[in-house]
Amino acid sequence: MSTVYANYIDGQWNESQSGDTFEVQNPADTDDIVGAYQSSTQEDVETAIDAAVDAQDEWANMPGPSRGQVLKKAGNHLDARKDEATETLVREEGKTRSEAAGEVQRAIDIFAYYAEKARDLGGTSKAPSAPGKQLHTKPEPLGTVGLITPWNYPIAIPAWKLAPALATGNTLVIKPASEAPNMTRIIFECLDEAGLPDGVANFVTGSGSEVGAPLASNDDIDAVSFTGSTEVGTTVAQTAADDLKRVQCEMGGKNPTVVMPSADIDEAVDIVGVGAFGTTGQSCTACSRAIVHEDIADEFVDALTDYAKSIEIGPGLEDPDMGPHVSQSELESTLEYVDVAREDGATVATGGSEPDGGEYDGYFVEPTVVTDVESEMRIAQEEVFGPVLAVITVGDFEEALEVANDVEYGLSASIVTQDITEANRFVEDVEAGVAKANEKTTGLELHVPFGGYKNSSTNTYREQGDAGLDFFTSTKTIYMNY
């Protein structure tokens, strides 16, 4: 029998009013059931929202440093459980042990960062235009916020939404993705141990229709922060906008790395390969297009194909180079895109199938390199969300930049070059919220803003760093006369 985990509402662990649960299995071993979670109803969500609303005033009136102390303690509790949390993440989402350990550490660091930022929420003073007057600003919490998080970074993304929301004095309800809810549950155990007051933060599992939709539509929710697909994020944003909720949605990507003739081939292959195949390609910032100058295209493709073939695939607990997809549906979607690429005239240089041998009972797929790709092909335009890289050959820098921008997404982009003019032009002119030179498209610093352009984002507020605090606060401007 698998362990049945409860919702966390008003400081208590409670089962759903539906009485139903759903199971989550290990994507590397489908006989391994990680846990069962509540199939919550809209009534459960409304109960959680009511608890958060009731707790608003007490939490908002607590001094920022005191709120920071709760976050600090929660981060310390998580740090003490790092090994356990890492193994749970591997079993539930499928990441390799090294990837999972890095993600858990990122969550610990996020709580430490915002614990200290809670001391800096006093606003700013400005010089008034007349004597006998003070002019200053004061950030105030929005109230009660709804957080909807994805499965691909099941502890880092909840952490970078939860921590700034709590640091700024908001109360909240969070819905984690049903594929990997356990990591958010562990965060809530740590918050509970840290002494978070009842009702301030609430955790509810279940479907998007039953749990996610009410968080976007309920009148008592003052803001919604969502990370997930562009299709769902657009619906969330439109629903939230009906009553002028503040909304922040970070969504899909089709991220390019441009490789120019001056690049060191081995370095370029490593940058592109890690960006494309790390975390099984299941990152919104993953490199899915290598845009390569024709002078080095053959050499680059040969080296990249060898790189992909050398990747060790296996269960994340064994810490291979690449783990499985999170689910059967994600695996099938990736394989379908490989078939589409072939139908459109592209060539699968390596990969494109489930590994031979059937050594593991899980959702494994080979790292895949697709060549002879034209920019208008679906494999070059649509988000695959798997370890599939499309290689597009171009004749010069201007064409490379044009192809990089020739998609509806604009999340992360990079260039590999030793020409400083090309590097500067690229980061200035590429249509992406994150632009990098000589670095993989994946990987983020926690203290700087993160977000996308075009259909990768609602282009409202950014996440992380000070931008995360800005989203969860309103600014009051105070004119004080004496």
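To be clear, the structure that these remarks concern was listed above.
Predicted model only: the values in this text are computed from it and were never measured. (Residues numbered from 1 in each chain as written. Predicted model: local features only at pLDDT ≥ 70, side-chain atom pairs only at ≥ 80, totals over all residues. Heavy atoms only, no water.)

### Examining empty space enclosed by the protein
Step number 1: Scanning the model with the defined rule gives 2 cavities of 30 Å³ or more in all.
Step number 2: Its boundaries defined by the atoms lining it, the largest cavity holds a volume of some 70 Å³.
Step number 3: Gly253, Lys254, Asn255, Gly281, Ser283, Ala286, Cys287, Ser288, Glu383, Val384, Phe385 and Gly386 together form the lining of the largest cavity.
Step number 4: Residues of the lining of the largest cavity, tallied by class, amount to 4 nonpolar, 6 polar and 2 charged.
Step number 5: A volume near 50 Å³ is recorded for the second largest cavity.
Step number 6: Taken together, 16 residues make up the lining of the second largest cavity; nearest its centre are Pro256, Ala404, Tyr409, Gly410 and Glu431.
Step number 7: Of all the secondary-structure elements, those providing two or more residues to the lining of the second largest cavity are β12 (255-259), β17 (409-410) and β18 (412-416).
Step number 8: Its residues assigned to classes, the lining of the second largest cavity comprises 8 nonpolar, 4 polar and 4 charged. (1 Å grid on protein atoms, 1.4 Å probe; cavity = no way out; pocket = protein on both sides within 12 Å on 5 of 7 lines; lining within 4 Å. Points joined across faces, edges and corners; volume = space filled by probe spheres on them. Nonpolar A, V, L, I, M, F, W, Y, C, P; charged D, E, K, R; others polar. Helix = DSSP H or I, 4+ residues; strand = E, 2+ residues; numbered from the N terminus.)

### Some words on unusual backbone geometry
Step number 1: The phi dihedral of Thr280 is positive, around 55°, even though this residue is not glycine.
Step number 2: On the basis of relative accessible area, Thr280 is assigned to the buried category, the value being 3%.
Step number 3: Its identity as a non-glycine residue notwithstanding, Asp372 has a phi of 55°, on the positive side.
Step number 4: Mapped onto the secondary structure, Asp372 falls in the loop between β15 (368-371) and α13 (378-381). (Buried < 20%, exposed > 50% of the residue type's maximum accessible area, 1.4 Å probe, protein only.)

### So, the layout of surface pockets
Step number 1: Empty space within the largest pocket amounts to approximately 850 Å³.
Step number 2: Every residue lining the largest pocket is counted, 35 residues in all, and those nearest its centre are Phe226, Thr227, Gly228, Ser229 and Val232.
Step number 3: Among the secondary structure elements, those contributing two or more residues to the lining of the largest pocket are α8 (208-217), β10 (223-227), α9 (230-241) and α12 (328-343).
Step number 4: When residues of the lining of the largest pocket are assigned to their parent elements, the largest contribution, 6 residues, is made by α9.
Step number 5: In terms of residue class, the lining of the largest pocket is made up of 16 nonpolar, 13 polar and 6 charged.
Step number 6: By volume, the second largest pocket amounts to about 510 Å³.
Step number 7: Lining the second largest pocket we find 22 residues, and of these Tyr153, Thr279, Thr442, Gly443 and Leu444 sit closest to its centre.

### Observations concerning the pattern of salt bridges
Step number 1: The full count for this structure, using the stated rule, is 19 salt bridges.
Step number 2: Linking Arg81 and Glu193 is a salt bridge whose minimum nitrogen-to-oxygen distance equals 3.8 Å. With Arg81 in the loop between α3 (64-80) and α4 (82-93) and Glu193 in helix α7 (residues 182-193), the pair connects residues that are 112 residues apart, well separated along the chain.
Step number 3: Given a relative accessible area of 15%, Arg81 falls into the buried group.
Step number 4: Residue classification places Glu193 among the partly exposed positions, given a relative accessible area of 49%.
Step number 5: Across the pair Lys95 and Glu93 runs a salt bridge whose closest N-O atoms are separated by 3.8 Å. (Salt bridge = Lys/Arg side-chain N within 4 Å of Asp/Glu carboxyl O.)

### Examining the side chain of Ser283
Step number 1: In this fold, Ser283 is placed in the loop between α10 (265-277) and β13 (287-293).
Step number 2: Among the polar contacts made by the side chain of Ser283, one reaches the side chain of Tyr153 at a distance of 2.7 Å.
Step number 3: Ignoring any residue separated from it by four or fewer positions in sequence, one finds Ser283 in contact with Asn152, Tyr153, Phe385 and Thr442. (Polar contact = N/O pair within 3.5 Å; in protein donor to acceptor, adjacent residues only side chain to side chain. Contact = heavy atoms within 4.5 Å.)

### A word on helix α11 (residues 297-310)
Residue pairs three or four apart in sequence face the same way in an α-helix, which turns once every 3.6 residues.
Step number 1: For α11, spanning 14 residues, the distance from its first C-alpha to its last is 20 Å, which sits close to the expected 20 Å at 1.5 Å a residue.
Step number 2: All of the buried residues in α11 are Ala297, Phe300, Val301, Leu304, Thr305 and Ala308. Down the axis of α11, the smallest arc covering the buried residues is 130°, so these residues share one side. Exposed side chains of α11 directed beyond 90 degrees from the buried face belong to Asp298, Asp302, Asp306, Lys309 and Ser310.
Step number 3: Where α11 is buried, its residues meet β12, α10, β13, β14 (347-350), β15 and β16 (388-394). (Expected span 1.5 Å × (residues − 1). Arc of directions from axis to C-beta.)

### Here's the deal with the sheet that holds β14
Step number 1: Read across the sheet, 7 strands follow the order β14-β15-β16-β13-β12-β18-β19 without closing on themselves; strand pairing throughout is mixed. The sheet terminates laterally at β14 and β19 (434-437), the two strands that pair on one side only. Strand-to-strand twist in this sheet, taken as the mean axis angle between neighbours without regard to direction, amounts to 25°.
Step number 2: Relative to β16, β13 is paired through 5 bridges, and the arrangement is parallel. Note on β16: the bridge partner recorded for Ile291 is Ile392. (Pairing = 2+ DSSP bridges. Axes fitted to C-alpha atoms, helices over the stretch in contact; angles between N-to-C directions.)

### Points about the packing of aromatic side chains
Step number 1: Using the criterion set out here, one finds 11 aromatic pairs in the structure.
Step number 2: Summarising the aromatic geometry, the rings of Tyr5 and Tyr37 are spaced 5.3 Å apart at their centres and angled 25° between planes, so their arrangement reads as stacked. Here Tyr37 lies in strand β4 (residues 29-38) and Tyr5 lies in the segment before β1 (7-9), a separation of 32 residues in the sequence. Both residues of the pair, Tyr5 and Tyr37, count as buried.
Step number 3: Relative to Tyr37, the ring of Phe22 has its centre 5.8 Å away and its plane inclined at 35°; by these criteria the two rings are tilted. Linking Phe22 in strand β3 (residues 21-26) with Tyr37 in strand β4, this pair joins segments that are 15 residues apart in sequence.
Step number 4: In this structure Tyr37 comes out as buried when scored by relative accessible area, which is 1%.
Step number 5: Taken together through their ring pairs, the aromatic side chains of Tyr8, Trp13, Phe188 and Phe203 make up a single cluster.
Step number 6: Positioned above the aromatic ring of Tyr153 is the side chain of Lys95, whose terminal nitrogen or guanidinium carbon lies 4.2 Å from the ring centre.
Step number 7: Directly above the ring of Tyr5 sits Arg185, whose terminal nitrogen or CZ lies 4.0 Å from the centroid. (Phe/Tyr/Trp six-rings, centres within 6.5 Å; stacked < 30°, edge-to-face > 60°. Lys NZ or Arg CZ within 6 Å of the ring centre and 35° of its normal.)

Everything listed here is a matter of coordinates, which is why it stays silent on function.
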